[in-house]
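# Analysis of the macromolecular model
Each chain, written out:
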Amino acid sequence: MIPQELMDILVCPACKGDLRQEDPELVCTRCSLRYPVRDGIPIMLVEQATKRDDA
Ligand SMILES: [Zn+2]
C-alpha cells in the first residue's frame, strides 16, 4: 500500500488527475490510466501505464 501522504502529492502525469489505489496499481480517476507499483514504488510514467478499455 502507498502511504497516504504520498498519495496526497501524487497526480496523474498525463492529465494531473487524482489517483486511487486499486491494488496492485494506481488508477487515475480522470483518464483511467493505470500505473504499476513495484516494490511499493509507484511508477508514474505514462509510457509504463496501461489502460483497461473494458472498465
Ligand atoms: Zn489521468
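Bridge analysis of strand β1 (residues 19–22) against strand β2 (residues 25–28) gives four bridges, and the strand direction is antiparallel. Counterpart to L19 in the pairing with β2 is C28. Once β1 ends, the chain turns through two residues before running back antiparallel as β2. Where β2 meets strand β3 (residues 33–38), three bridges bridge the pair, whose relative direction is antiparallel. Note on β3: the bridge partner recorded for E25 is P36. The turn linking β2 back onto β3 is made up of four residues, and S32 within it adopts a positive phi angle of 70 degrees.

About the thresholds
- Residues numbered from 1 in each chain as written.
- Predicted model: local features only at pLDDT ≥ 70, side-chain atom pairs only at ≥ 80, totals over all residues.
- Pairing = 2+ DSSP bridges.
- Helix = DSSP H or I, 4+ residues; strand = E, 2+ residues; numbered from the N terminus.

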